[in-house]
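Each chain, written out:
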Amino acid sequence: QLSFMGRYSLDTYNEQRETKMANSYTNQPRGAYGIINLKQYERNMDFLLTYDKTFGLLKLAASVGGNTRYNQQSNVTTKTKDKTGLVTPGVYTLSNIANTDLDYGSGVYKRATNSVYGLINLGYKDFIFLDLTGRNDWSSTLPEESRSYFYPSASLSVVLNEAFKMPNSINLLKLRGGVAQAGNDTDPYQLHSVLDPVEAWGKITRLSKSGRILLPNLKPEKATSYEGGLDLTLLNNRLKFGATYYYLENVNQILSNQIAPSTGYTSLNFNAGLLTSKGIELSIGGTPIEKGDFRLDVNLNYSKNESVIEELAEGQDIFTFWTDAKGGAWTYVGDRIGDLYDAELVTVTDKTSPYFGYPLLDEEGSWQRVSAVNSKNKIGNYNPDFLIGMQTSLSYKRFSLNLSFDWRSGGEFVSQTYRYSESDLKSQRFLDNLINPEGRQGDELRDWLVANDKDLIMVSGNQFNIVGGPTAEYGGLPFEAYGSSFPYGVFNPGVIAEYDANGDITGYVENLGGAGTKIIPYGDNYPWDFTSAATFDASFIKLREISLGYALPTKLVSRMGIRSANFAVYSRNIMLWTAAKIGIDPETAFQQESSLQNGGMQFKQGIERYNVIPWVIPVGFKLNLTF
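Residues numbered from 1 in each chain as written. Predicted model: local features only at pLDDT ≥ 70, side-chain atom pairs only at ≥ 80, totals over all residues. Heavy atoms only, no water.

## Some words on the sheet that holds strand β21 (residues 360-361)
Then comes step 1: Here we have 3 strands laid out as an open sheet, ordered β21-β30-β31, and mixed in their pairing. Because the sheet does not close on itself, it has two edges, and the strands there are β21 and β31 (505-511).
Then comes step 2: Bridge analysis of β21 against strand β30 (residues 494-499) gives 2 bridges, and the strand direction is parallel. The residue of β30 that forms the bridge with L360 is V495. (Pairing = 2+ DSSP bridges. Helix = DSSP H or I, 4+ residues; strand = E, 2+ residues; numbered from the N terminus.)

Below you can see the structure in the form of structure tokens.
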């Protein structure tokens, strides 16, 4: 059987947006006016020729096709500049905007892609299946010498229970494997930097160049994936198991990386050398209970993934995802993507010293640090160790109860909500972590701290030890200022180094509550220089959704011409347990920011700022009808 399909499609619009703001508007004291003209045009032409035939025990299906796609977008904007306004308030015309108050601009976006592709499906005796595909694209966004790129795929599956005699308890045993490539281009205008006009200086036109270095010889991205797995079904389909292992290689991935501002630029586009990902996915499910009108179904899914930067462009050994405060997320060549780095606390490193591991404080009694870049102090990774999902369904006659659970294990995230709140002394967690001397002074306080040095002196994770507090009830120490004594003094337990003329350490002075201890005002002593102070475990367990449904009797709904009807009440976010225990959902640990790579928006993973909303448990209703 031979069939042919040809198609032409067009998607276009021409929109004019007009904005009028009265002179009472806050930022526009004399009102504002603007017109934006938007045009978008997308044209697709494609064909597909298909051949299908059976040759004895062999089934063949083959197709060949092609597509040509053209996109064009344009915009023209003319409006008042912010906080300028109209010449005559209330008259909304472009001519009522002073020349010096006119904000205008235009842009054009063009892109063309041509493609040809083919696929072959072979089946032998309904137990061996082979699929082959191939595709070639030509993209206008790439250099002429590399705008053509080809990517094939092949997959093979064997249904063993159809090929060999097996016990009746095995309903399906299938082995599968495959290799596939996928290609990708980039956005338009990513090859050469151009001069763009910016706001004029009087009557002098000014031109500016982007802070990003573009690469005129970009190559298309290419991802090669290898996958293998099996599917097993037992006991009349009451028990199912699936397993998949995959390995992915990304070459020539088009990325943008930060570079030193001393170059005159802020970032650089490049083709990454090699990024690899590997992982495993497991699923098991079944019906452990099925008796009469009572049935229980349970399904579990497990996934684990790890991505590594194997190579970058020549001369680069680090890729930066984001930086914030004193740390950030970046990856060195050979390391796992998602690593979090922080400034390193300076401590006593002499293992023979009784103060080994104690914070080495400065002369004022404050913590000291080595920058995150120089110390390579890794404090975690924002990716999970593994994910597990569970879905259960309990049904009795026409009623059904469905629950969905998610479990994330491992990984860390940075909470800017706590970082800023605690630095402003607004966190109960920070107060609870203060060390109350409970009346101990001098040698008694010193001996108590030393006897419990691992918990009360040495810094571990996000616990920076501080002795004292904001009031006498919190153990605040006398702090002398302005000729008076205030009960809100604190000190950082540790030691202060003594140096000789050559700068070598000759000994240590204890800062442990005895004579000479450096007392600091409580309000000036948050460990702002350390990202780890606000870094938390991202593990959680969540009851994501629960629903209770009822299937209406068939006889009742059939009279209305309906084959089946089901009514359900549902809710989400019923339960959330987090290892951090700080009232923040780790799934909200992201921040939106401008993309360095190709414009638009992207998300910084593993860091949140004020992503805190009231815990809401919605209740909804669903009615599903089948006609």
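## Quick notes on the pairing of strand β34 (residues 540-551)
Side-chain direction in a regular strand flips from residue to residue, so the side chains alternate between the two faces of the sheet.
Then comes step 1: Looking at chain direction, strand β25 (residues 399-409) and β34 are connected through 10 bridges and run antiparallel. Bridging across to β34, F399 finds its partner in Y550.

## With respect to the side chain of N511
Then comes step 1: If you trace the backbone, N511 turns up in strand β31.
Then comes step 2: Here N492 takes part through its backbone oxygen, which lies 2.9 Å from a polar atom of the side chain of N511.
Then comes step 3: Of note is the side chain of N511, whose polar atom sits 2.8 Å from the backbone nitrogen of K518.
Then comes step 4: Apart from the residues lying within four places of it in its own chain, the contact partners of N511 are L361, F491, N492, P493, G494, V495, I496, G516, T517 and K518. (Polar contact = N/O pair within 3.5 Å; in protein donor to acceptor, adjacent residues only side chain to side chain. Contact = heavy atoms within 4.5 Å.)

## Considerations on a nonpolar patch on the surface
Then comes step 1: A surface patch of nonpolar side chains, amounting to about 910 Å² of accessible area, comprises L2, F4, F47, L49, Y51, F55, L57, L58, V64 and Y124.
Then comes step 2: Residue assignment for the nonpolar patch shows that the elements contributing at least two residues are β1 (2-21), β2 (32-55) and β3 (58-80).
Then comes step 3: At 4 residues, β2 tops the list of elements feeding residues into the nonpolar patch.
Then comes step 4: Position of Y51 relative to the elements: it lies in strand β2. (Patch = residues over 30% accessible without salt bridge, like charges linked within 9 Å, V, L, I, M, F, W, Y side chains within 5 Å. Areas by Shrake-Rupley, 256 points an atom, 1.4 Å probe, with all protein chains shown as cover. Salt bridge = Lys/Arg side-chain N within 4 Å of Asp/Glu carboxyl O.)

## Concerning the nonpolar core
Then comes step 1: Core analysis: the largest hydrophobic core is formed by 25 residues, its most contacted members being W367, F413, F536 and I582.
Then comes step 2: Not counting chain neighbours up to four residues away, the residues in contact with W367 comprise L345, P359, L361, F464, N465, I466, N492, N525, Y526, P527 and F530. (Core = buried A, V, L, I, M, F, W, Y, C linked by side-chain atoms within 4.5 Å. Buried < 20%, exposed > 50% of the residue type's maximum accessible area, 1.4 Å probe, protein only.)

## Observations regarding empty space enclosed by the protein
Then comes step 1: Under the counting rule described, the total for this entry stands at 1 cavity of 30 Å³ or more.
Then comes step 2: Approximately 90 Å³ is the volume attributed to the largest cavity.
Then comes step 3: Lining the largest cavity, in full, are E422, R429, F430, N433, L434, N462, Q463, F464, I466, Y526, P527 and A533.
Then comes step 4: In terms of residues, the lining of the largest cavity owes the most to one element, helix α4 (residues 428-433), which gives 3 residues. (1 Å grid on protein atoms, 1.4 Å probe; cavity = no way out; pocket = protein on both sides within 12 Å on 5 of 7 lines; lining within 4 Å. Points joined across faces, edges and corners; volume = space filled by probe spheres on them.)

## A short note on the packing of aromatic side chains
Then comes step 1: Scanning the entire structure with this criterion turns up 28 aromatic pairs.
Then comes step 2: Each ring, one from F4 and one from F47, has its centre 6.3 Å from the other, and the planes form 20 degrees; the classification is stacked. With F4 in strand β1 and F47 in strand β2, the pair connects residues that are 43 residues apart, well separated along the chain.
Then comes step 3: Under the relative-accessibility criterion, F4 is labelled exposed at 59%.
Then comes step 4: Judged by relative accessible area, F47 falls into the partly exposed class, the value being 34%.
Then comes step 5: With centroids separated by 5.4 Å and ring planes inclined at 90 degrees, the aromatic side chains of F590 and F603 adopt a geometry described as edge-to-face. Note that F590 is positioned in strand β36 (residues 590-594) and F603 in strand β37 (residues 601-605), a separation of 13 residues in sequence. (Phe/Tyr/Trp six-rings, centres within 6.5 Å; stacked < 30°, edge-to-face > 60°.)

## Here we look at the pattern of salt bridges
Then comes step 1: Applying the stated criterion across every chain yields a total of 24 salt bridges.
Then comes step 2: Between D187 and R111 there is a salt bridge; the shortest N-O distance is 3.8 Å. On the criterion of sequence distance, the pair formed by D187 in the loop between β7 (170-184) and β8 (195-201) and R111 in strand β4 (residues 102-124) is long-range, its members being 76 residues apart.
Then comes step 3: Classification of R111 by relative accessible area gives buried; the value is 15%.
Then comes step 4: For the salt bridge of E545 with R572, the shortest nitrogen-to-oxygen distance reads 3.2 Å. Taken as a pair, E545 in strand β34 and R572 in strand β35 (residues 564-578) lie far apart in primary sequence, 27 residues in all.
Then comes step 5: Using a relative accessible area of 22% as the deciding quantity, one classes E545 as partly exposed.
Then comes step 6: Three or more residues are tied together by salt bridges with common partners; here these are D406, K542, R544, D585 and E587.

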